[in-house]
Amino acid sequence: LHIRHARAYQISLRELFGTINPNPEPIWRSVVLSQEDSVTEQASAIRARLKVTLEDQTKWPDDDRALRHWRSAVEHAGIFVFKDTFKQKAISGFSLSDDSFPIIYLNNSTTKTRQIFSLFHELAHVLLRMNGLSKFETDYLEELPRREREIEKFCNSLAAEILIPMGDFEYQAKEISGNVEKVPDAVFKTLAERYGVSREAVLRRFLDWGKVDSSFYRNKAREWSSQQQQSGGGDYYATRSAYLSGSMAKEVFSRYYRRQITKEEASEYLGVNPQNFEKLEDRMLRGIEA
């Protein structure tokens, strides 16, 4: 059902913009990924294209603000990011590749830090020019055919390097790198807050670094997963605002006020009743997200 909604959004984007992405220099024209090339260099190229420095990232006060900034950066690069609440809790998100209107769709039921990681996992799929789907648990990777398994591992590695550059991570964690399995959870929390990611993502970097084994990683990740809770939104308009692509919504509002589309047409694009149109617009202009 969510995939069908995403396809419908792509049709709406073509109706609004024609055949050309509104960004004259979309990211997939300047950044072409290859599984054979350096993950570090490719992650750096993506960061440069998104115009987000590590210094910027570490100044964001919380994971909610981090998600907003990353999502905005990806949208400004020409990709449309939508969200919804999935009944399939194990699925973190998916992406639909397209020459003009690629879409990333995130599960709003997951934590903000999980959404951030899924955003970049799916961005990797878009830049590989293929559809993608990300899951919370990684055990399923071993059940995939070899080619698909390598693609998923590459996307995970790229997302991790974008969010937690290994060079900086090794410097920040050098004091504990020799005895990671015995450090308190508060240490992982501190590192996670620096990068605006989950403790699991930090632990994964220690695994990539060879400082913990896969058994410790799996057990600790499951323990933390059972502690995570994502609070639901209580404001319909704030929630609807969070679900919509900001770039698409901005174009709809612009066309409505230029009298190029009616309120009924604008409401249909945004998925709300016409009587709720002004309230949704007010929430989006104030930047409120669920």
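Source: prediction; values computed, not measured.

Caption draft 1: Molecular detail of the packing of helix 13 (residues 246–257) against helix 15 (residues 277–285). Relative to each other, helix 13 and helix 15 sit at 125 degrees, their axes nearing to 12 Å. When the interaxial angle is binned, helix 13 and helix 15 end up oblique. For the element pair helix 13 and helix 15, the recorded crossing hand is left-handed. Of the residues in helix 15, those touching helix 13 at Ala 249, Phe 253, Tyr 256 and Tyr 257 are Phe 277, Glu 281 and Met 284. In terms of residue class, the contact of helix 13 with helix 15 is made up of 6 nonpolar, no polar and 1 charged.

Caption draft 2: Inspection of the pattern of salt bridges at higher detail. All told, the structure shown has 15 salt bridges when counted by the stated rule. For Glu 161, the salt bridge identified is with Arg 205, shortest N-O distance 2.4 Å. Linking Glu 161 in helix 7 (residues 146–163) with Arg 205 in helix 10 (residues 199–209), this pair joins segments that are 44 residues apart in sequence. Owing to a relative accessible area of 9%, Glu 161 belongs among the buried residues under this scheme. Among the salt bridges present, the one from Lys 263 reaches Glu 278, with a minimum N-O distance of 2.6 Å. With Lys 263 in helix 14 (residues 263–270) and Glu 278 in helix 15, the pair connects residues that are 15 residues apart, well separated along the chain. Here the residues in one salt-bridge network are Glu 161, Arg 204, Arg 205 and Asp 208, joined through shared partners.

Caption draft 3: Here's a closer look at the packing of aromatic side chains. Inspection of the entire model under this criterion finds 20 aromatic pairs. Taken together through their ring pairs, the aromatic side chains of Phe 169, Phe 188, Tyr 195, Phe 206, Trp 209 and Trp 224 make up a single cluster. Over the ring of Tyr 217 we find Arg 204; its NZ or CZ atom is 5.2 Å from the centre of that ring.

Caption draft 4: Representation of the nonpolar core in the model. In this structure, Ile 46, Leu 50, Trp 70, Phe 120 and Phe 206 are the most contacted members of the largest nonpolar core, which totals 57 residues. Contacts of Phe 120, omitting those with residues within four sequence positions, involve Leu 50, Trp 70, Ala 159, Ile 162 and Leu 163. Core analysis: the second largest hydrophobic core is formed by 29 residues, Ala 6, Phe 94, Phe 101 and Leu 244 among them.

Caption draft 5: A look at helix 11 (residues 214–227). For helix 11, with 14 residues, the first-to-last C-alpha span of 20 Å sits near the 20 Å given by 1.5 Å per residue. Within helix 11 the residues assigned to the buried category are Phe 216, Tyr 217, Lys 220, Ala 221 and Trp 224. On an axial view of helix 11, the arc spanned by its buried residues comes to 120 degrees, and they lie on one face. Turning to helix 11, the residues buried within the fold contact helix 9 (185–195) and helix 10. One side-chain oxygen at the N-terminal end of helix 11 lies 3.3 Å from the backbone nitrogen of Ser 215; it belongs to Asp 213.

Caption draft 6: Focus on the side chain of Ser 267. Structurally, Ser 267 is set in helix 14. The class of Ser 267 is buried, set by a relative accessible area of 0%. Here Ser 267 is in contact with Val 272, Asn 273, Pro 274 and Phe 277, once residues within four sequence places are set aside.

Basis of the calculations
- Residues numbered from 1 in each chain as written.
- Predicted model: local features only at pLDDT ≥ 70, side-chain atom pairs only at ≥ 80, totals over all residues.
- Heavy atoms only, no water.
- Axes fitted to C-alpha atoms, helices over the stretch in contact; angles between N-to-C directions.
- Helix = DSSP H or I, 4+ residues; strand = E, 2+ residues; numbered from the N terminus.
- Parallel < 35°, antiparallel > 145°, perpendicular 65-115°, else oblique.
- Left-handed = near helix turned anticlockwise from the far one by under 90°.
- Contact = heavy atoms within 4.5 Å.
- Nonpolar A, V, L, I, M, F, W, Y, C, P; charged D, E, K, R; others polar.
- Salt bridge = Lys/Arg side-chain N within 4 Å of Asp/Glu carboxyl O.
- Buried < 20%, exposed > 50% of the residue type's maximum accessible area, 1.4 Å probe, protein only.
- Phe/Tyr/Trp six-rings, centres within 6.5 Å; stacked < 30°, edge-to-face > 60°.
- Lys NZ or Arg CZ within 6 Å of the ring centre and 35° of its normal.
- Core = buried A, V, L, I, M, F, W, Y, C linked by side-chain atoms within 4.5 Å.
- Expected span 1.5 Å × (residues − 1).
- Arc of directions from axis to C-beta.
- Polar contact = N/O pair within 3.5 Å; in protein donor to acceptor, adjacent residues only side chain to side chain.

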